[in-house]
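Spelled out from the first residue to the last, the chains are:
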Amino acid sequence: MASPYSPPMQALIDELGRMPGIGPKSAQRIAFHLLKVPEEDARRLAQSILNAKAKVRFCEMCFNISDEPQCSVCSDERRDRTMICVVEESRDVVALEKTGVYKGLYHVLLGAINPLEGIGVDQLKIRELMMRINDAEPAIQEVILSTNPNTEGDVTAMYLQRLLAPFEIKVTKLASGLPVGGDLEYADELTLGRAIEGRREVGA
Amino acid sequence: MPQYRDNAVVLRTYKLKESDRIVVFMTEHHGKVRAVAKGVRKSGSRFGGRLEPMSHVDVLFATGRELDIVSQVELIGTTNKARNDLDRLSRGMSMVEVVDQLGMEREETPHLYKMLVGALETLNSTDSDLVLGAFFLKLLTSEGARPELDFCVACREAIGELDGGSYYFNLENGGVQCRRCSLGRRVSGDALLLMRAILGGRMIEALNYDSGAASREVTELATLVMEHHTERRLKTMHTNIH
């Protein structure tokens, strides 16, 4: 059946429909919304997409997204250069930065080892991490493995742990346990088990 | 909304929307079931942690229009040891991948479920490469593709007692070949001995005999036979994390 839309409109709906989480209905709704907005707004949106594509790249040190050769964290002289926090994606850097607790550097792997999807070591920035640790000046004292607490994240963390074992570096992993504001009785066994394993002395 | 309850093993998960997942289960009575688990990627999720691949669970499903919905999940057994060890975890991933390939949606295959549960329990208690190879060989047998280990698949002559030398395994013909017909991949007598023990129901004997090199050989060969049988590559066996 021929499309009920004119070719430019159909092209817009098709392009929007390729975005993650946007189905055909949502694509249609957004397309109609864009037709209604003033031309200036549409131009600004198109320009910001082009700008982001042209200017945003990966930091040459840590593979976080950045508009400079080095991201704001790597180029900040006040950061502790002896610590590297390894995360899966740039959005994890944002989440950790929001806590305001961590003052070291990051390394973004751009994914996690996912055996079931066939994503292995070579598709990630693991070799770059090892080179960075080898060449670091001052020497790295601690690597914090901050992959997601799911199977893929655990596989990645265990693999890195094995790679880092020969180095004289403290390797730590983010604590895993109960979410703030949650009820103990609703916690699943795996989380609660890890919370017990990772318990710590209070008042010390 | 009608509901049903079943025991299952989580085979894999896919991300869906902001915080949901599609979870693929191998159930005891309903075959392979794909269901939506809502909100499980949020850190406060009540049962997200129970829906990781390899988890053995008791699930309450609500029948949906296209996909069913996961309403409640309880863990049946723990696979902590298998989860905290990279080698065992990657073997477990291969087990769930192959069951995902062999299982049919909504087609009852209790033997696949039972074999997977048994293999995951063995994985939790035993650290040997042989656990994975043995699982593949037993699955192949249940699929009617048991490798022939006693007679040459070319000339039908009995192979007889195995010695320390090497033999040949022909993937196309699904079995071992004698030294005169020597066609196929080389396989050691030790590896064949282990395979005979596994398929002869002497798994404990095989595990005790386990020599490391022969076990790896068995698992490599069993992987090739399985890939030949399903005509698909086992992705988990090629990710290079060992």
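Residues numbered from 1 in each chain as written. Chains lettered and ligands numbered in written order. Predicted model: local features only at pLDDT ≥ 70, side-chain atom pairs only at ≥ 80, totals over all residues. Heavy atoms only, no water.

## What about the overall build of chain A?
Across its full length, chain A holds seven helices and six strands. The helix and strand sequence of chain A, counted from the amino end, reads α-α-α-β-β-β-α-β-α-β-α-β-α. On the principal axes, the C-alpha backbone points of chain A span a range of 65 × 45 × 35 Å. Buried residues in chain A amount to 36% of all 204 residues. Look at the contacts in chain A between residues 6 or more apart in sequence, and 46% of them connect residues 24 or more apart. Distance between charge centroids for chain A: 5 Å, based on 24 positive and 30 negative side chains. (Helix = DSSP H or I, 4+ residues; strand = E, 2+ residues; numbered from the N terminus. Buried < 20%, exposed > 50% of the residue type's maximum accessible area, 1.4 Å probe, protein only. Contact = heavy atoms within 4.5 Å. Lys, Arg positive; Asp, Glu negative; His and termini not counted. Charge placed at Lys NZ, Arg CZ, Asp CG, Glu CD.)

## Considerations on the packing of aromatic side chains
All names here are of chain B. Taken as a whole and judged by the stated rule, the model has four aromatic pairs over all chains. Measuring from ring centre to ring centre gives 5.2 Å for Phe25 and Phe61, while their planes differ by 85 degrees; the resulting arrangement is edge-to-face. A residue pair is termed long-range when its members are at least 10 positions apart, and Phe25 in strand 2 (residues 20-27) and Phe61 in strand 4 (residues 56-62) qualify at 36 residues. Assessed through its relative accessible area of 0%, Phe25 is described here as buried. Ring-pair connections join several aromatic residues into one group, and the members of that group are Tyr4, Phe25 and Phe61. Of note, Arg179 hangs over the ring of Tyr167, and the distance from its end group to the ring centre comes to 4.3 Å. (Phe/Tyr/Trp six-rings, centres within 6.5 Å; stacked < 30°, edge-to-face > 60°. Lys NZ or Arg CZ within 6 Å of the ring centre and 35° of its normal.)

## Focus on the domain arrangement of chain A
Along its sequence, chain A is organised into domain 1 (7-55) and domain 2 (65-201). Each of domain 1 of chain A and domain 2 of chain A has a C-alpha centre, and the two are 35 Å apart. (Domains from an automatic or database assignment.)

## Here's the deal with the interface of chain B and chain A
Buried accessible area, meaning the area lost when the parts come together, often serves as the stated size of an interface. Contact residues are listed per partner, giving 29 residues for chain B and 21 residues for chain A. Summed over the three residues of chain B that lose the most area to chain A, namely B:Leu86, B:Thr239 and B:Ile241, the buried surface amounts to 22% of that side. The shortest N-O distance in the salt bridge between A:Arg162 and B:Asp87 comes to 3.3 Å. On inspection of chain B and its partner chain A, the count reaches three residue pairs in polar contact (both at pLDDT 80 or more). Going through the elements one at a time, strand 1 (3-16), strand 5 (68-77), helix 1 (80-83) and helix 2 (86-102) of chain B are the ones with two or more residues in the side of chain B that touches chain A. (Buried area = accessible area lost by both parts, 1.4 Å probe. Salt bridge = Lys/Arg side-chain N within 4 Å of Asp/Glu carboxyl O. Polar contact = N/O pair within 3.5 Å; in protein donor to acceptor, adjacent residues only side chain to side chain.)

## Overview of the nonpolar core
Residue and element names in this part refer to chain B. Counting 78 residues, the largest nonpolar core has Met95, Val98, Leu116 and Phe135 as its most contacted members. The dominant element in this core, judged by the number of residues it contributes, is helix 4 (residues 130-142), at nine residues. Of all hydrophobic cores here, the second largest spans 18 residues; its members include Val23, Ala37, Val57 and Leu75. (Core = buried A, V, L, I, M, F, W, Y, C linked by side-chain atoms within 4.5 Å.)

## Brief notes about the sheet that holds strand 4 (residues 104-108) of chain A
Residues and elements named next belong to chain A. On the basis of which strands lie adjacent, the open sheet formed by four strands has the order 4-3-5-6 and parallel pairing. Looking along the sheet, the strands with just one partner apiece sit at the ends: strand 4 and strand 6 (170-173). When strand polarity is set aside, the average angle formed by the axes of neighbouring strands in this sheet is 25 degrees. The pairing of strand 3 (residues 80-87) with strand 4 spans five bridges and is classified as parallel. In the strand pairing of strand 4, Val86 is matched with His107. Relative to strand 4, helix 5 (residues 126-135) is tilted by about 150 degrees, and along the sheet it contacts strand 3, strand 4 and strand 5 (142-145). (Pairing = 2+ DSSP bridges. Axes fitted to C-alpha atoms, helices over the stretch in contact; angles between N-to-C directions.)

## Describing the domain arrangement of chain B
Residues and elements named next belong to chain B. Considered domain by domain, chain B is made up of domain 1 (3-77) and domain 2 (80-241). Just the C-alpha atoms count here: the centres of domain 1 and domain 2 sit 29 Å apart. The interface is formed by 23 residues belonging to domain 1 together with 23 residues belonging to domain 2. Interface of domain 1 and domain 2: buried area, both sides summed, is about 1,800 Å²; carbon and sulfur atoms make up 59% of it. For domain 1, the biggest contributors to the area lost against domain 2 are Met26, Lys32 and Met54; these three give 39% of the whole. For the pair domain 1 and domain 2, the interface holds four salt bridges. A salt bridge links Arg34 to Glu105; the nearest nitrogen and oxygen atoms lie 3.8 Å apart. Put simply, domain 1 and domain 2 have eight residue pairs in polar contact (both at pLDDT 80 or more) between them. Mapped onto the side of domain 1 that touches domain 2, the elements with two or more residues apiece are strand 1, strand 2 and strand 3 (32-37). Here the side of domain 1 that touches domain 2 gets seven residues from one element, more than from any other, and that element is strand 1. Considering only residue class, the side of domain 1 that touches domain 2 consists of ten nonpolar, seven polar and six charged. (Nonpolar A, V, L, I, M, F, W, Y, C, P; charged D, E, K, R; others polar.)

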